[in-house]
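# An overview of the molecular structure
Chain by chain, the residues:
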Amino acid sequence: MTYIYIAFVDTPGFFARLIRTFLRQRYVHVALSADRELSECYSVGRRNPAVPVFAGFEKEERYRILHTFPGAYYRVCRLSCTREQKRRIMERLRGDYERRYRIHYAVLALPFLVLGIPFYVRDQYTCSSYLARVLEEQGIRIAEKHFSLVTPKDFYAYEEMEPVFEGELSELVAADEAAYRANPLGHWLEGVSVYE
């Protein structure tokens, strides 16, 4: 067994505030990472952290997010899976990153989400519907509903999630940098084992 990591994100902004009001929870965005430090992390979200209008599939850059939102608050949870599930999930994420400009944020799906009606247009997702679909394809079902209706709240409530970090992104990055400085080779080897 090994782990994948789900990052729950709380950032400021108008859209985040709207989603927070609808979900009634702090975390309004989810991303999937190969490792606890979020060094290889993907989601359907803002293409540029500072510009909420343009959204699609992206590889999240910790330092870019930290620069734009110094107070960004994160909760990172690990989810157990087999090595084969993880390999396939990461292969899918990396493949989708190669064609990232064809994957868009599902703005049209939002009213259907509010009404509880499944709605899917090819290659259009919310952050949570994308992750729910990718995980479901590998036998990990987050909620008993159509993937287009899964929200960050469903991920948060999923019993198999095991918290490994909660706090500001700056704390997570600082801890990762300190671990690297203390043992560069060990840190690198630890990262390698995560991908296998």
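The following paragraphs examine the structure supplied in this document. Values in this document were obtained by computation on a predicted structure and should not be read as measured data. Residue numbering note: each chain is counted from 1, following its sequence as written. The predicted origin of the model limits local features to residues at a pLDDT of at least 70 and limits the giving and counting of side-chain atom pairs to 80 or more, whereas totals for whole chains, interfaces and linings rest on all residues. Only hydrogens and water are set aside; all other atoms, that is, all heavy atoms of the structure, feed into the side-chain values.

## Looking at the overall build of the protein
Working definition: helices are DSSP H or I runs of at least four residues, strands are E runs of at least two. Numbering for both runs from the N terminus. Assigned secondary structure in the protein consists of eight helices and eight strands. Throughout, exposure labels follow a simple rule: accessible area from a 1.4 Å probe, protein chains only, divided by the maximum for the residue type, with under 20% read as buried, over 50% as exposed, and the rest as partly exposed. A burial count over the protein gives 46% of its 196 residues as buried. Considering only contacts within the protein whose residues lie at least 6 apart along the sequence, 66% involve residues at least 24 apart. Using a 1.4 Å probe, the Shrake-Rupley method yields the accessible areas, and only the shown protein chains count as cover for residues. Summed over all atoms, the accessible surface of the protein reaches about 10200 Å², with 56% contributed by carbon and sulfur. Throughout, a residue-residue contact means that at least one pair of heavy atoms, one from each residue, lies within 4.5 Å.

## Brief notes about the environment of Tyr5
Positionally, Tyr5 belongs in strand S1 (residues 2-10). With 29 residues separating them in the primary sequence, Tyr5 and Ala34 have C-alpha atoms 6.1 Å apart. Once residues lying within four places of it in the same chain are set aside, the contact partners of Tyr5 are Ala31, Leu32, Ser33, Ala34, Asp35, Arg36, Val76, Cys77, Arg78 and Val164.

## Digging into the side chain of Asp35
As for its placement among the helices and strands, Asp35 is situated in the loop between strand S2 (29-33) and strand S3 (41-48). Here Asp35 occupies a buried position and makes no salt bridge, while the nearest side chain of opposite charge, Arg62, is found at 6.0 Å. Pairs of N or O atoms within 3.5 Å make up the polar contacts considered here, provided that, within protein, one atom can donate a hydrogen while the other can accept it, and that residues adjacent in sequence are counted only when both atoms are side-chain atoms. Reaching out from Asp35, the side chain makes a polar contact with the backbone nitrogen of Leu38 at a distance of 2.8 Å. Within the structure, Asp35 has its side chain in polar contact with the side chain of Ser39 (distance 2.6 Å). When charges are counted, Lys and Arg are positive and Asp and Glu negative, with His and the chain ends excluded. Each reported salt bridge corresponds to a side-chain nitrogen of Lys or Arg within 4 Å of a carboxyl oxygen of Asp or Glu.

## Concerning unusual backbone geometry
Of note, Leu38 is a non-glycine position whose phi angle comes to about 65°, a positive value. With respect to the element layout, Leu38 can be found in the loop between S2 and S3. Residue class for Leu38 comes out buried when judged on its relative accessible area of 2%.

## Digging into the environment of Arg87
By the secondary structure assignment, Arg87 is in helix H3 (residues 83-98). Put simply, Arg87 and Ala34 are 53 residues apart on the chain and 9.5 Å apart in space, counted from C-alpha to C-alpha.

## Remarks on the nonpolar core
What is meant by a nonpolar core is a set of buried Ala, Val, Leu, Ile, Met, Phe, Trp, Tyr and Cys residues, joined one to another through side-chain atoms within 4.5 Å. In terms of nonpolar packing, the biggest core is built from 32 residues, with Leu32, Leu135, Ile142 and Phe155 touching the most fellow members. Elements with a contribution of two residues or more to this core: S1, S2, S3, strand S5 (73-81), H3 and helix H5 (127-137). No other element matches the six residues that H5 contributes to this core. In contact with Leu32, not counting residues within four places along its chain, are Ile4, Tyr5, Ile6, Glu40, Cys41, Tyr42, Ile89, Met90, Leu93, Leu131 and Leu135. Listed in part, the 16 residues of the second largest apolar core include Cys41, Tyr74, Phe165 and Leu172.

## A word on the packing of H3 against H5
How two helices sit against one another is set out by the angle between their axes and by the gap between those axes. Contact pair H3 / H5: the axes reach a minimum separation of 10 Å and the direction vectors enclose 135°. It follows that H3 is oblique to H5 by the angle criterion. Judged by the twist between their axes, the crossing of H3 over H5 is right-handed. Contacts between H3 and H5 involve Ile89, Arg92, Leu93 and Asp96 from the former and Tyr130, Val134, Leu135 and Glu137 from the latter. Taken together, the residues of the contact of H3 with H5 sort by class into five nonpolar, no polar and three charged. Note on geometry: axes are lines fitted to C-alpha atoms, helical ones only across the stretch in contact, with angles between N-to-C directions running from 0 to 180 degrees. Working definition: roughly parallel below 35 degrees, roughly antiparallel above 145 degrees, roughly perpendicular at 65 to 115 degrees, and oblique for all remaining angles. Two helices cross in a left-handed way if the nearer one is turned anticlockwise from the farther one by less than a right angle. They cross in a right-handed way if the turn is clockwise. All amino acids are sorted into three groups, where Ala, Val, Leu, Ile, Met, Phe, Trp, Tyr, Cys and Pro are nonpolar, Asp, Glu, Lys and Arg are charged, and the leftover types, Gly among them, are polar.

Read these as spatial facts, not as claims about activity.
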